[in-house]
Amino acid sequence: MSETPKSDLFPEVGLPEGVVVINDRCVVKTSAGHRIVLVSGIPLAQFATGDRMAEAHAMVSLVGGGWARQKEVSRAFGVAVRTVRRHESRFDEGGLAALGRTAGFPRGKPRVSSSRSKLVSRLKAQGHSNRAIAERLGITENAVRKLLRRLGWKQTYPVQQDLPLGDVGAHPNLSALEKTPEGNERADPSATAHPNLSAFPASEPEPPDFSLDSDPSDRRIDRLLAYLGWIDDALPMFRPGTRVPRAGVLLAIPALVATGVLDCANEIYGTIGPAFYGLRTSIVALLLMALTRIKRPEGLKEHPPDDLGRALGLDRAPEVKTIRRKLARLASFARASQFGLALAARRVAARGEAMGFLYLDGHVRVYHGKRTLPKAHVARMRLSMPATTDYWLNDAKGDPLFVVTAEANAGLLAMLPSILADIRKLLGQRRVTIAFDRAGWSPKTFQTILDASFDILTYRKGRSPAIPLRRFARLAAVIDGRNVEYDLADQSTRLRGCRTLLRQVTRLSEDRSHQTPIVTSRRDLSAIEVAHRMFERWRQENFFKYLREEYALDALVDHGAEPADPQRSVPNPELARLDAEFRSANSLVTRLSAEYGLNARFNQESRRRTVRGFKIAMSGIGKPLQIAMKDFFRLKAERAKAPKRVPVAQTVQGDVVKLATERKHLSNVFKMVAYQTESDLVRLVAPHYKRAAQEARTLIQSALGGAANIAVVGKELRVTISALSSAHRTKAIASLCAELNKTAVLFPGTDLRLRYSVETQK
């Protein structure tokens, strides 16, 4: 049965002109050159629109009084959040008078002259460090860094020619290290023998299996070697400790290694250059961050880097700027799609039994920035908003296989050919069933899918004849260990545009008022299994919801933009304007014609015996009708000539851009691997936990986020998980540890075999 559109219960109500809403209790009204700020209907401030000091004081009063947040005030007054904070700081220091600073550059502060810019550029070209330049000019290193960024300088990775390790003694100043703002250590160029490292030819050192540091809590020598370009990744060295925060995440290492993420990264990327936080360490750090619910790099600010570093075998974990820089470095290779498909191939090889049914669906990530992006329909909001669409392919268990980012929010039908080609590369000639929702409904496309040796499973779209109730039968079965029961009707159906005779299984709702038809090409399955496999598509919807909440799937990772295809065709906005004017003209003609005809119908012939007399009498209606008819036919001709689609370059001002997708794609891949790892741990613990269907994921999440004892005994890295909140949960994790010990996995980058146990409850 077709679905009838729901009426809008809450229509949008426009605001009066000059009124800006700050929040649910504060508004700003502008009228006749004056502004008034109201809080719960009571005036808080009133000033002329050009009075900057009074306006700043109004912002400070709103935030200081707790009526509004800085972000809300900045949006309402059209300034940056930083400006609001600056006003607060000035008011705290100097009162109202401090808010009356004149416009322009602050007095008494020197400007950066062109000669200084040239000098900084010349010193940088000569190989001087930012620190040395800052000391020479008497300014801060941060000022030098910002000036170089404005001048177009990009950060380069230091390289060093191959030197024998025995020559390390030639550099006596190994202790001359400083902390960078990113939390990393680097050598002071003035204390090393070669300050201009970029003058030496690049080398490609092999990842080391040694460390020159003897203290796991002080890795300054390895950091110096990384700065000199002699190592590609720091060797993990673990410090013994008790109750190490978040060390329970080490439970995930065997499952992470099993995904093949590190092997695939080595094959696809090779190396990211000389670094203390190399490719292996960066990927392990990103995955462990996701598993401990540090959802984005900025979340690292809330956790001590020393504690996180102990789980990585380092003196400190990489901090925010370092993680961003590593993601940017990986994104510069533009191999995220290749990386994701390589991981998918590993997943198919390991879990081929779950690939009989593959679920395909799109996820819309809403964009709230200022760039002009294509719009997409957001089903959960029932709105069309600027967004980016990702298409996810999940296996029969609901776990993700790979993700594809659509170009300009292309629909599922447009993306199907390329996605099916990727599936064929992964699965070979194996015949699988592709399940999707009504967005992919197209009988012509169905035939293309069937010709490519795939089966289909989808909901029927549009109107279809209702099935008589007498044809439904109650069916029950046990599928995948679950009892399922439906009222079903099974029949064949032929669709226009599809040569193949398909099968339709229709489910009757419990109240027998609604029918849900399902179309498939699978005739070897029972009707109840067809219905069950189709309804299992909600696993994918649950997956999207879980990743949004637990892994911040919709978070914007990269704020940059890149050029898009300016010749991409889009609906002609001029046609929409013409349609609106045409509908208005048509409505006017209809109304005037009806009024004119009504007067003609009841015309008294005794007063107006001829048509000419009637026209003269009705000239007040006839002339507007004649003008409206001319506009109607003119607009009809213009609308017929206007093209339905035009290049996007004709519809936007400036360059045609899109959000940079490489870093976001990489982030999606890492979150996908983290979710797969969590799912594998859930499957391992399920036989040992009675409430696994309801609480297995929360059990694993609490174990990964808990504390643990770390000890290195011989060639073993012993991890003792702290007891959980109850005895039966602790017992389940103990059983999981026993299962993980059977894998005998080595911690990545070391020869230490992981050994797990659980702390006994007292």
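Please refer to the structure placed before this passage.
A quick note: this is a predicted structure, and the numbers were derived from the prediction, not measured.

Rules behind the numbers
- Residues numbered from 1 in each chain as written.
- Predicted model: local features only at pLDDT ≥ 70, side-chain atom pairs only at ≥ 80, totals over all residues.
- Heavy atoms only, no water.
- Pairing = 2+ DSSP bridges.
- Helix = DSSP H or I, 4+ residues; strand = E, 2+ residues; numbered from the N terminus.
- Axes fitted to C-alpha atoms, helices over the stretch in contact; angles between N-to-C directions.
- Parallel < 35°, antiparallel > 145°, perpendicular 65-115°, else oblique.
- Left-handed = near helix turned anticlockwise from the far one by under 90°.
- Contact = heavy atoms within 4.5 Å.
- Nonpolar A, V, L, I, M, F, W, Y, C, P; charged D, E, K, R; others polar.

S.K.: If you had to explain the sheet that holds strand β24 (residues 753–758) to someone new, which residues and values would you point to?
M.R.: Reading across from one edge, β7-β22-β23-β24 is the order of the 4 strands in this open sheet, with mixed pairing throughout. Strand pairing shows two members of the sheet lacking a second neighbour, β7 (241–244) and β24, which therefore form its edges. Between one strand axis and the next, the sheet turns by 25° as a mean value, whatever way the strands run. Pairing of strand β22 (residues 708–713) with strand β23 (residues 716–721), which is carried by 6 bridges, proceeds in the antiparallel orientation. Following the sheet pairing, Val713 is matched in β23 by Glu716.

S.K.: Explain the packing of helix α10 (residues 279–291) against helix α21 (residues 662–685) to me, using residue names and the numbers behind them.
M.R.: Packing of α10 against α21 brings their axes to within 9 Å, and their N-to-C directions diverge by 60°. Relative to α21, α10 is oriented oblique. Between α10 and α21 the crossing geometry is right-handed. Contacts from Ile283, Leu286, Leu287, Ala290 and Leu291 of α10 reach α21 at Phe670, Val673, Ala674, Thr677 and Glu678. Its residues assigned to classes, the contact of α10 with α21 shows 8 nonpolar, 1 polar and 1 charged.

S.K.: I'd like to hear about the sheet that holds strand β2 (residues 26–31), residue by residue, with values.
M.R.: Pairing is antiparallel across the open sheet formed by 4 strands, whose spatial order is β1-β2-β3-β4. Two strands lie at the open edges of the sheet, namely β1 (19–21) and β4 (42–48), each paired on one side alone. Each adjacent strand pair in this sheet contributes to an overall mean axis angle of 20°, direction not counted. With 6 bridges connecting them, strand β3 (residues 34–39) and β4 associate as antiparallel partners.

Everything listed here is a matter of geometry and, on its own, says nothing about what the molecule does.
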